[in-house]
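Listed here are the chains, written in short residue letters.
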Amino acid sequence: MSHTLHPLRRQRLQRSELAVPASNPSMIDKAAASAADYVFLDLEDAVAPPEKEQARRNAIQALNDIDWAEKGKTVSVRINGLDTHYMYRDVVDVMEQAGDHVDTILVPKVGVPADLYMVEAMVNQIEQGAGRAPHVGIEALIETALGMANVDDIAQFGGRLEALHFGVADYAASLRARTVVIGGLHPDYPGDPWHAALTRMVIACRAFGLRAIDGPFGDFSDKDAFRQAAHRAAVLGCEGKWAIHPSQVELANEVFSPPREEVDKAERIVAALKAAEKARLGAASLDGKLIDAASERMARNVIEASRAIDAKG
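Think of each chain on its own: its residues are numbered from 1, step by step along the sequence as written. This being a predicted model, a pLDDT of at least 70 is required before a residue's local features are given, and a value of 80 or more before pairs of side-chain atoms are given or counted; all residues contribute to the totals for chains, interfaces and linings. Computation of side-chain values covers all heavy atoms of the structure but excludes hydrogens and water.

Caption draft 1: Representation of the side chain of T144. Going along the chain from the N terminus, every DSSP run of H or I of four or more residues is numbered as a helix, and every run of E of two or more is numbered as a strand. Along the chain, T144 turns up in the loop between strand 5 (137–142) and helix 5 (145–149). Burial classes: relative accessible area under 20% of the type maximum marks a residue as buried, over 50% as exposed, and values in between as partly exposed (1.4 Å probe, protein chains only). T144 gets classed as buried once you look at its relative accessible area, which sits at 17%. A contact between two residues is defined here by any heavy atoms of the two lying within 4.5 Å. Once residues lying within four places of it in the same chain are set aside, the contact partners of T144 are K109, V110, Y171 and S174.

Okay, structure coming up:
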């Protein structure tokens, strides 16, 4: 193991992240009552320009009026892009008027680390001015060719950064890629066209202590295809996925929750290796297979995920 280690900066249960346009208060109320681990109030792509200011007011009211923690939710706000004139007012108004009730700010279309620096500087100053202890985290959407080209530098930003999200729709547009379904497979491509990009982002996350979250799947009527996309992301190391429709929440929770038999096996692996250690052995066997220190690290990931889910329940 390298002497340089970057432990996970912040653990949050994020199996399902429900995207909610802040222009629709009734949808916000339904999201608060849903089974989603995470809810992000969207001020960006899901809101038309004439609705931006009202959506911001709706988000602030929802942050203040709804007890998100009591409902078992982490609540985030996706601000508008740094290339728009809406962004600075999103940060200022949300932080000044509801900063005590927002958990993270989701920054879209991050291309370079300086994009995060701008948002973080604003959040720092507003919290300091209000006399608040710093608690609002920052998450970055990697959804452009520039962002993916700089993903390692972005992941090393530090500060309040907690997680990277893969925004497959804008990423496809940035590449001028041909797509059939947002986040889905393409009949002309032999495999998953998003595998390489998602893998690259996950590696950056795990190298520098960030959570890795997969983005949207567009066809919310196709539950099987969503489940398959979520499984592919989970295999690569993502710990959650967006839900752009309430029907996708339970599917994401299902896929990113380790099955009971998997948790039981993980606990047996840890127990077997503890027994081997007492016997001064560096490895052991379980169910006819060799297990060692690497097996224990994988097992503990499963156990920690299970405990976080149990704690929420």
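Okay, back to it.
Caption draft 2: Layout of helix 3 (residues 87–98). Between its terminal C-alpha atoms helix 3 stretches 16 Å, which fits the 16 Å expected from 12 residues at 1.5 Å a residue. Residues of helix 3 that are buried include every one of M87, D90, V91, V92, D93, V94, M95 and A98, and no others. Where helix 3 is buried, its residues meet helix 2 (52–65), strand 3 (74–78), strand 4 (104–107) and helix 4 (113–130). Any helix carries an expected span of 1.5 Å times its number of residues minus one.

Caption draft 3: Spotlight on the nonpolar core. Think of a nonpolar core as a cluster: buried Ala, Val, Leu, Ile, Met, Phe, Trp, Tyr and Cys residues, connected wherever their side-chain atoms sit within 4.5 Å. Counting residues in hydrophobic clusters, the biggest one holds 73 residues, and the most contacted among them are L41, L63, W68, L164, F166 and M201. Discounting chain neighbours no more than four positions away, the residues touching L164 are A140, I142, V151, I154, A155, M201, C205, L210, R211, A212 and I213.

Caption draft 4: Spotlight on the packing of helix 11 (residues 260–278) against helix 12 (residues 293–312). Contact pair helix 11 / helix 12: the axes reach a minimum separation of 9 Å and the direction vectors enclose 135°. By the criterion of interaxial angle, the relationship of helix 11 to helix 12 is oblique. Remark: the crossing between helix 11 and helix 12 carries left-handed chirality. For the pair formed by helix 11 and helix 12, the contact residues are R260, E262, V263, A266, E267, I269, V270, L273 and K274 on the first element and S295, E296, A299, R300, V302, I303 and S306 on the second. To obtain each axis, a line is fitted to C-alpha atoms, and for helices this fit is confined to the stretch in contact; angles are then taken between N-to-C directions over 0 to 180 degrees. Orientation labels follow simple angle bins: below 35 degrees gives roughly parallel, above 145 gives roughly antiparallel, 65 to 115 gives roughly perpendicular, and whatever is left gives oblique. Left-handed describes a crossing whose near helix is turned anticlockwise from the far helix by less than a right angle; the clockwise case is right-handed.

Caption draft 5: Local environment of the pattern of salt bridges. Salt bridges are identified by distance alone: a Lys or Arg side-chain nitrogen within 4 Å of an Asp or Glu carboxyl oxygen. Counted by the stated rule, this structure contains 24 salt bridges. Measuring nitrogen to oxygen at the nearest pair gives 2.8 Å for the salt bridge that ties R12 to E162. With R12 in the segment before strand 1 (16–21) and E162 in strand 6 (residues 161–166), this pair connects stretches of sequence that are 150 residues apart. For the pair R12 and E162, a shared accessibility class is recorded, and that class is buried.

Caption draft 6: Focus on the sheet that holds strand 1. Pairing between two strands requires that DSSP report at least two bridges joining them. In space, the 8 strands of this closed barrel follow the order 1-2-3-4-5-6-7-8, with parallel pairing throughout. Between one strand axis and the next, the sheet turns through 25° on average, direction left out of account. In this sheet, strand 8 (residues 240–243) lies alongside strand 7 (residues 211–214) in parallel orientation, the contact comprising 2 bridges. For D214, the partnering residue across the bridge sits in strand 8 and is K241.

Caption draft 7: Spatial organisation of the state of the cysteines. Put simply, a disulfide is two cysteine sulfurs that come within 2.5 Å. For the structure shown, the criterion picks out 0 disulfides. C205 takes part in no disulfide bond, and the closest cysteine sulfur to it belongs to C238, at a distance of 7.6 Å.

Caption draft 8: Examining the packing of helix 3 against helix 4 more closely. One can describe the packing of helix 3 onto helix 4 by two numbers: an axis separation of 10 Å at closest approach and a directional angle of 30°. By the criterion of interaxial angle, the relationship of helix 3 to helix 4 is roughly parallel. Note on packing geometry: the crossing formed by helix 3 with helix 4 is right-handed. Residue-level inspection shows M87, Y88, V91, V92, M95 and E96 of helix 3 in contact with helix 4, the latter providing M118, V119, M122, V123, I126 and E127. Ten residue types, Ala, Val, Leu, Ile, Met, Phe, Trp, Tyr, Cys and Pro, are classed as nonpolar, four, Asp, Glu, Lys and Arg, as charged, and the remainder, Gly among them, as polar. The residue makeup of the contact of helix 3 with helix 4, split by class, is 10 nonpolar, no polar and 2 charged.

Caption draft 9: Geometry of the pairing of strand 3. Counted residue by residue, strand 3 has 5 buried out of 5 residues, so it is predominantly covered. In strand 3, alternate side chains face the same way, and those of T74, S76 and R78 on one face and V75 and V77 on the other are all buried. Looking at chain direction, strand 2 (residues 38–42) and strand 3 are connected through 5 bridges and run parallel. Each residue of the ladder has a partner; that of V39, found in strand 3, is V75. For the crossover that starts at strand 2, traverses helix 2 and ends in the parallel strand 3, the hand is right-handed. Crossovers are described as right-handed under a simple rule: with the strands pointing away from the observer, the path leading from the first strand over the helix to the second runs clockwise. Remark: the strand 3/helix 3/strand 4 crossover connection has right-handed handedness.

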